[in-house]
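# Overview (structure and organization)
Given next are the chains, with one letter for each unit.
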Amino acid sequence: AQRVTQPEKLLSVFKGAPVELKCNYSYSGSPELFWYVQYSRQRLQLLLRHISRESIKGFTADLNKGETSFHLKKPFAQEEDSAMYYCALSGLTGGGNKLTFGTGTQLKVEL
Amino acid sequence: NAGVMQNPRHLVRRRGQEARLRCSPMKGHSHVYWYRQLPEEGLKFMVYLQKENIIDESGMPKERFSAEFPKEGPSILRIQQVVRGDSAAYFCASSAGARNEQFFGPGTRLTVL
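Now for a look at the structure at hand.

What counts and what doesn't
Residues numbered from 1 in each chain as written. Chains lettered and ligands numbered in written order. Predicted model: local features only at pLDDT ≥ 70, side-chain atom pairs only at ≥ 80, totals over all residues. Heavy atoms only, no water. Disulfide = S-S within 2.5 Å. Helix = DSSP H or I, 4+ residues; strand = E, 2+ residues; numbered from the N terminus. Buried < 20%, exposed > 50% of the residue type's maximum accessible area, 1.4 Å probe, protein only. Contact = heavy atoms within 4.5 Å. Buried area = accessible area lost by both parts, 1.4 Å probe. Salt bridge = Lys/Arg side-chain N within 4 Å of Asp/Glu carboxyl O. Pairing = 2+ DSSP bridges. Axes fitted to C-alpha atoms, helices over the stretch in contact; angles between N-to-C directions. Phe/Tyr/Trp six-rings, centres within 6.5 Å; stacked < 30°, edge-to-face > 60°.

### Quick word on the state of the cysteines
This model, assessed by the stated rule, comprises 2 disulfides over all chains. In this model C23 of chain A forms its disulfide with C87 of chain A; the gap between the sulfur atoms is 2.0 Å. Disulfide C23 of chain A to C87 of chain A: torsion about the S-S bond roughly -65°, handedness left-handed. Taken together, the residues span a long stretch of sequence, with C23 of chain A in the loop between β3 (19-21) and β4 (24-26) and C87 of chain A in strand β9 (residues 83-90) at a distance of 64 residues. Considered together, C23 of chain A and C87 of chain A belong to a single accessibility category, that of buried residues. One disulfide bridge connects C23 of chain B with C92 of chain B, the sulfur atoms lying 1.7 Å from each other.

Put into structure tokens, the structure is as follows:
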């Protein structure tokens, strides 16, 4: 069975401090990992996916297969980063791209 | 492009009634996913549909729940004889292809009294 674990329900950091949102997964095959973000009063949107290897809004995430982790990092937090962040996994099953989500981490960036 | 539309945004039903949730995918998208989010939990996959076909319904409860995506019109998630445990946020997502990015709707918050 596939599972995504986000151990922190709430993460509070000061503006300018580094951010690391933790995500661990379990999956027997080769998964695709994603980070989704939900800003206040907005809909869920894709932030980044591991196959793209991009940096979006200063955030990066590296897939570590040995540790089965996909932590989201940003060197300097900004106030506008305050949001709910969900880590998600997609298995290469037959057809479709159904996502398994973690329970989410609320990031609060304080001034 | 208005994005994925869901209606109603809020739905209140009494136990035993039926709930119908609608999802209009983005223009040009023929793949639709439904997810449910219970309080304090992450989104959980329910069903994946393409036009007129259910591709994967492995996350759907065996009874009372059904989904369709007709050739014309929105996708419908139907819950018959609702119970209090059905109270949740239901999200729809659409994509242009099976492996393409999913775009989410704003969700429908169902409350069962």
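### Describing the interface of chain B and chain A
With 21 residues of chain B in contact, the opposing surface of chain A contributes 19 residues. Carbon and sulfur atoms make up 48% of the area that chain B and chain A hide from each other, which totals about 1,700 Å². On the chain B side of the contact with chain A, L43, R99 and F104 of chain B bury the most area, a combined 37% of that side's loss. Where chain B meets chain A, there are 2 salt bridges. Between K9 of chain A and E40 of chain B there is a salt bridge, and its shortest N-O distance comes to 2.5 Å.

### Re the side chain of Q102 of chain B
Following the sequence through the fold, Q102 of chain B ends up in the loop between β9 (88-95) and β10 (103-104). Owing to a relative accessible area of 2%, Q102 of chain B belongs among the buried residues under this scheme.

### Remarks on the pattern of salt bridges
Where charged atoms from two side chains of opposite charge approach closely, those side chains can pair. Residue and element names in this part refer to chain A. In the structure shown here, the tally under the stated rule is 10 salt bridges over all chains. In this structure, K73 engages E20 in a salt bridge whose closest nitrogen and oxygen atoms are separated by 3.7 Å. With a gap of 53 residues between them, K73 in strand β8 (residues 72-74) and E20 in strand β3 connect regions that are remote in the sequence. Overall, K73 belongs to the partly exposed group, its relative accessible area being 41%.

### Let's talk about the sheet that holds strand β1 (residues 5-7) of chain B
Residues and elements named next belong to chain B. Spatially, β1-β3-β8-β7 is the arrangement adopted by the 4 strands of the open sheet, whose pairing is antiparallel. At either margin of the open sheet sits one strand with a lone partner, and together these are β1 and β7 (65-68). Strand-to-strand, the axes of this sheet are offset by a mean angle of 15°, without reference to chain direction. As defined by bridge partners, β7 adjoins strand β8 (residues 75-79) across 4 bridges and the pair is classed as antiparallel. Among the inter-strand pairings, A67 is bridged to a residue of β8, identified as L77.

### Quick look at the packing of aromatic side chains
Throughout the structure, instances matching the rule amount to 11 aromatic pairs over all chains. Where Y33 of chain B meets Y48 of chain B, the ring centres are 4.5 Å apart and the plane angle is 10°; that geometry is what we call stacked. Taken as a pair, Y33 of chain B in strand β4 (residues 31-37) and Y48 of chain B in strand β5 (residues 43-50) lie far apart in primary sequence, 15 residues in all. Note on Y33 of chain B: relative accessible area 0%, which makes it buried. Taking relative accessible area as the criterion, Y48 of chain B reaches 1% and is therefore assigned buried. By way of ring pairs, the aromatic residues F34, Y36, Y86 and F101 of chain A together with Y33, Y35, F45, Y48 and F104 of chain B are connected into one cluster.

### Some points on the environment of A61 of chain A
Residue and element names in this part refer to chain A. Looking at the secondary structure, you find A61 in strand β7 (residues 60-61). When its relative accessible area of 11% is taken as the criterion, A61 is described as buried. Through-space distance from the C-alpha of A61 to that of N97 is 20 Å; in sequence the pair is 36 residues apart. In this view, A61 contacts W35, L48, F70, H71 and L72; residues no more than four positions away in its chain are not counted.

What is shown is where atoms sit, not what they do.
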